[in-house]
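Listed here are the chains, written in short residue letters.
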Amino acid sequence: MKLPGPPHAVNELLAFLLELAALAALAWWGWESAESIAPRLLLAVAAPTAAAVLWGLFAAPKARFRVPTAGVLAVKALVFGAATAALLALGRPGWATAFAVVVVVNTALATLDRRERVTS
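What you are looking at is a predicted structure, and each value in this text was computed from that prediction instead of being measured. (Residues numbered from 1 in each chain as written. Predicted model: local features only at pLDDT ≥ 70, side-chain atom pairs only at ≥ 80, totals over all residues. Heavy atoms only, no water.)

A. Summary view of the packing of aromatic side chains. Summed over the entire model, instances satisfying the criterion amount to 4 aromatic pairs. Grouped by ring-pair contacts, the aromatic residues Trp55, Phe80 and Phe99 constitute a single cluster. The residue whose ring lies beneath arginine 92 is tryptophan 95, and the NZ or CZ to ring-centre distance is 5.4 Å. (Phe/Tyr/Trp six-rings, centres within 6.5 Å; stacked < 30°, edge-to-face > 60°. Lys NZ or Arg CZ within 6 Å of the ring centre and 35° of its normal.)

Put into structure tokens, the structure is as follows:
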């Protein structure tokens, strides 16, 4: 299924915003997960940084290492799953559910769209 121009652009923009939201959720979780300032800062920086590095190495459009679609989807599941778990841990089950649903729909559309664009 190849998305036409405007829906394709909107889905790509949504994908980018979801990636930013995942990093923000991980930073928020890191900040709230400790009592004193040093561990708070460490977790608030380390969690999103680890996710961003993993994403940049394997899941980004210009990833350092090209992996099969299954590998890209596995990295996305790990990062977005961690962000969803972070929202749950923060006591935001509604946000976690909404985030997860939008991620699944966006990723499914993007995967089908990319597959069609590569074969056509």
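B. Broad picture of the nonpolar core. Grouped together as the largest cluster of nonpolar side chains are 19 residues, with contacts concentrated most on Ala22, Trp55, Val79, Phe80 and Phe99. The set of elements that each furnish at least two residues to this core consists of helix H1 (5–32), helix H2 (37–58), helix H3 (69–89) and helix H4 (93–119). Take this core: its biggest share by element is 7 residues, from H3. Setting aside residues up to four positions removed in sequence, alanine 22 forms contacts with Val79, Phe80, Ala83 and Phe99. (Core = buried A, V, L, I, M, F, W, Y, C linked by side-chain atoms within 4.5 Å. Buried < 20%, exposed > 50% of the residue type's maximum accessible area, 1.4 Å probe, protein only. Helix = DSSP H or I, 4+ residues; strand = E, 2+ residues; numbered from the N terminus. Contact = heavy atoms within 4.5 Å.)

C. Inspection of the packing of H1 against H2 at higher detail. Between H1 and H2, whose axes approach to 7 Å, the crossing angle comes to 155°. Considered as vectors, H1 and H2 are oriented roughly antiparallel to each other. For H1 against H2, the interelement crossing comes out right-handed. Judged by residue contacts, Glu19, Leu23, Leu26, Ala27, Trp29, Gly30, Trp31 and Glu32 of H1 engage Ile37, Arg40, Leu41, Leu43, Ala44, Ala47, Pro48, Ala51, Ala52 and Trp55 from H2. (Axes fitted to C-alpha atoms, helices over the stretch in contact; angles between N-to-C directions. Parallel < 35°, antiparallel > 145°, perpendicular 65-115°, else oblique. Left-handed = near helix turned anticlockwise from the far one by under 90°.)

D. The confidence of the model for the protein chain, seen in detail. Taken residue by residue, the protein chain gives an average pLDDT of 94. The fraction at 70 or more is 98%. Per-element confidence in the protein chain is highest for H2, whose mean pLDDT is 98, and lowest for H4, whose mean pLDDT is 91. (pLDDT = per-residue confidence, 0-100.)

E. Main features of a nonpolar patch on the surface. The grouping of Leu13, Leu14, Phe16, Leu17, Leu20 and Val102 at the surface amounts to a nonpolar patch, some 500 Å² of accessible area in total. With 5 residues, H1 is the largest single contributor of residues to the nonpolar patch. Tracing the backbone through its elements, the reader meets valine 102 in helix H4. (Patch = residues over 30% accessible without salt bridge, like charges linked within 9 Å, V, L, I, M, F, W, Y side chains within 5 Å. Areas by Shrake-Rupley, 256 points an atom, 1.4 Å probe, with all protein chains shown as cover. Salt bridge = Lys/Arg side-chain N within 4 Å of Asp/Glu carboxyl O.)

F. Broad picture of H2. Here H2 contains 22 residues, and its C-alpha end-to-end distance of 32 Å stays within 8% of the 32 Å for a straight helix at 1.5 Å per residue. Along H2, the positions that sit buried rather than exposed are Arg40, Ala44, Ala47, Pro48, Ala51 and Trp55. Along the axis of H2, the buried residues cluster in a sector spanning 75°; they form a single face. Exposed side of H2, more than 90 degrees from the buried face: Ile37, Ala38, Leu42 and Val45 are the residues found there. (Expected span 1.5 Å × (residues − 1). Arc of directions from axis to C-beta.)

G. Representation of the side chain of threonine 111 in the model. Turning to its location among the elements, threonine 111 is positioned in helix H4. On the basis of relative accessible area, threonine 111 is assigned to the buried category, the value being 14%. Every residue in contact with threonine 111, bar those within four places of it in the chain, is listed here: Thr69 and Leu73.

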